Amino acid sequence: MHSTRRSLLLAAASLPLAAARPALAAVGGRVVVATWGGDYGDLLGKHVEQPLLKPLGIEAVQSVDDGPPRKAKLLAERNGRRGSLDVVSMVDFEASGLAQLGLFETLTEANVPNARNAIAALRQPQALPHIYSGLVIAYNPAKIKAAPKSLADLWDPKYKGRVGFADILFPYNIAAASLAAGGTLGDLAPGMAKLGEMKALGPKIFATNEAVAQALKAEDIWITLAWRARVHQWRRAGLSVAAAVPAEGIVPTTFTASVPKNSQQKDNAFAYLNAMLDAGAQSAFAERMGYVPTVTNARLPPELAAQIAFTPEEQSRFKVPDFGYFAQAMPALQQYWSRDFKAA
């Protein structure tokens, strides 16, 4: 990544600028937001919907589910003039794939003024970045005294039966394996071959990130792959866990928001995205969830930034996925993970 991108990413986590809140157009009415539940949905309610949209007369209604049913609904409604969703939260590569199908509106500083503060390197034409983190090696320092240095360390025979993976992170697990094999993120075949070697070491697969955390706590596993934000959450919850930045590079992930072309409340949807990029709201997400703000005018306490953000040197090793390739390869990745890796 070039130096401009590195400086922009760092700025989002560390610049002590005033969190000014530009006024939004008071359009009023409802806005239906397809998003995740849990902390994410709760924080949207507390720091976006209630303080920033309710005063404008906008009533936000969350449609909570996981990514696949959200995508299925968008595809089922794509030919209808009046869709049921106004704002759609997605992971970056999922948003890119759906944007290629022409499902989303183009987002600009004209319809989303706060987009001017969004990190340009994380923006997509039809998906604005909300929060982001990066994939690191999470390990139990009580069991692994010397911090791992490489993704390839997960294949060390001394960790036989102690390596765990979150099922929900399967594309990123394959991507990490590809980097460990000396490959790239534009061809994940080496990653699938590398994971094939892992099967002899008895890896354990867990349905959710929460299940991975429980396995770390019980010392059922000692090492895994996780977002740095997750490691921060686990450590705050009392787990003995540390994060190591792999030498091969860091795969970032960005949680995005888009507006379907058949949204019935587009003005409200644009206002919602604008509020998501509010500096104060972004800081609240960082405090609670450990994900890094995507706007350059957000302010974080230095001690928090040190735990969740990425230094310029670390950012220089970001390995940003080729979203077009990921979207096209996803069926094959899913098939390999479920049929060949998990079932073995």
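How each quantity is defined
- Residues numbered from 1 in each chain as written.
- Predicted model: local features only at pLDDT ≥ 70, side-chain atom pairs only at ≥ 80, totals over all residues.
- Heavy atoms only, no water.
- Phe/Tyr/Trp six-rings, centres within 6.5 Å; stacked < 30°, edge-to-face > 60°.
- Helix = DSSP H or I, 4+ residues; strand = E, 2+ residues; numbered from the N terminus.
- Buried < 20%, exposed > 50% of the residue type's maximum accessible area, 1.4 Å probe, protein only.
- Bend = angle between axes of the 7 residues up to and from the residue.
- 1 Å grid on protein atoms, 1.4 Å probe; cavity = no way out; pocket = protein on both sides within 12 Å on 5 of 7 lines; lining within 4 Å.
- Points joined across faces, edges and corners; volume = space filled by probe spheres on them.
- Nonpolar A, V, L, I, M, F, W, Y, C, P; charged D, E, K, R; others polar.
- Salt bridge = Lys/Arg side-chain N within 4 Å of Asp/Glu carboxyl O.
- Pairing = 2+ DSSP bridges.
- Core = buried A, V, L, I, M, F, W, Y, C linked by side-chain atoms within 4.5 Å.
- Contact = heavy atoms within 4.5 Å.
- pLDDT = per-residue confidence, 0-100.

Caption draft 1: Seen up close, the packing of aromatic side chains. For the structure shown, the criterion picks out 13 aromatic pairs. Between the aromatic rings of Phe165 and Trp337, the centroid separation amounts to 6.2 Å while the plane-to-plane angle is 85 degrees, which identifies the pairing as edge-to-face. Taken together, the residues span a long stretch of sequence, with Phe165 in strand β5 (residues 164–166) and Trp337 in helix α13 (residues 323–342) at a distance of 172 residues. Under the relative-accessibility criterion, Trp337 is labelled buried at 0%. Centroid distance Tyr325 to Phe326: 6.4 Å. Interplanar angle 75 degrees. Geometry classified as edge-to-face. The exposure class assigned to Phe326 is buried, which follows from its relative accessible area of 0%. A connected cluster of aromatic rings, assembled from ring pairs, spans Trp36, Tyr40, Phe255, Phe285 and Tyr291.

Caption draft 2: Helix α2 (residues 38–53), seen in detail. At Gly45, α2 shows its maximal bend, which comes to roughly 35 degrees. Of all the residues in α2, the buried ones are Tyr40, Gly41, Leu43, Leu44, Gly45, Val48, Glu49, Leu52 and Leu53.

Caption draft 3: Fine view of the layout of surface pockets. Volume-wise, the largest pocket comes out at about 1,300 Å³. Counting residues per element, the lining of the largest pocket draws most heavily on α13, at six residues. When the residues that make up the lining of the largest pocket are grouped by side-chain class, the tally is 23 nonpolar, 11 polar and 10 charged.

Caption draft 4: Representation of the pattern of salt bridges. For the structure shown, the criterion picks out 15 salt bridges. Here Arg123 makes a salt bridge to Glu109, at a shortest N to O gap of 3.8 Å. Residue Arg123 is found in the loop between α4 (92–99) and β4 (128–139), and its partner Glu109 is found in the loop between α4 and β4; the two are separated by 14 residues along the sequence. Exposure remark for Arg123: the relative accessible area of 27% places this residue in the partly exposed category. The partner of Asp340 in a salt bridge is Arg339, with the nearest N and O atoms 3.3 Å apart. The class for Asp340 is partly exposed, based on a relative accessible area of 28%. Classification of Arg339 by relative accessible area gives exposed; the value is 52%. Beyond isolated ion pairs, a larger network of salt bridges with shared partners links Asp39, Asp42, Lys46 and Arg288.

Caption draft 5: The arrangement of the pairing of β4 in detail. Across the 12 residues of β4, 12 count as buried, placing the element largely inside the fold. Looking at chain direction, β4 and strand β9 (residues 252–258) are connected through six bridges and run antiparallel. Residue pairing for β9: Pro129 is matched across the bridge by Thr256. Bridge count for β4 against strand β10 (residues 292–293) is two bridges, and the pairing is antiparallel. Its bridge partner lying in β10, Tyr132 is registered against Val292. Taken together, the five bridges between β4 and strand β7 (residues 223–227) define a ladder with antiparallel strand orientation. Directly across from Ala138, in β7, lies its bridge partner Thr224.

Caption draft 6: Examining unusual backbone geometry more closely. Positive phi values are uncommon outside glycine, yet Glu219 reaches one of about 60 degrees. The class for Glu219 is partly exposed, based on a relative accessible area of 35%.

Caption draft 7: Highlighting helix α9 (residues 266–276). Most of α9 sits out of view: nine of its 11 residues are buried. Along α9, the positions that sit buried rather than exposed are Asn268, Ala269, Phe270, Ala271, Tyr272, Leu273, Asn274, Ala275 and Met276.

Caption draft 8: Expanded view of the nonpolar core. The biggest cluster of nonpolar side chains holds 104 residues, and the ones touching the most others in it are Tyr40, Leu154, Phe165, Leu195, Trp234, Tyr272 and Leu273. If near-sequence neighbours (up to four positions away) are discounted, Tyr272 is found in contact with Val31, Val33, Leu44, Val48, Glu49, Leu53, Ala60 and Val87. Counting residues in each nonpolar core, the second largest holds 12 residues, with Leu85, Val88, Met90 and Ala127 among its members.

Caption draft 9: Summary view of the confidence of the model for the protein. On average, residues of the protein carry a pLDDT of 90, and 92% of them reach 70 or more. Note on residues 1–8: pLDDT is under 50 here. Beyond four places in sequence and across chains, it has 15 contacts. Note on residues 14–24: pLDDT under 50 across the span, and 26 contacts to partners over four residues away in sequence or across chains.

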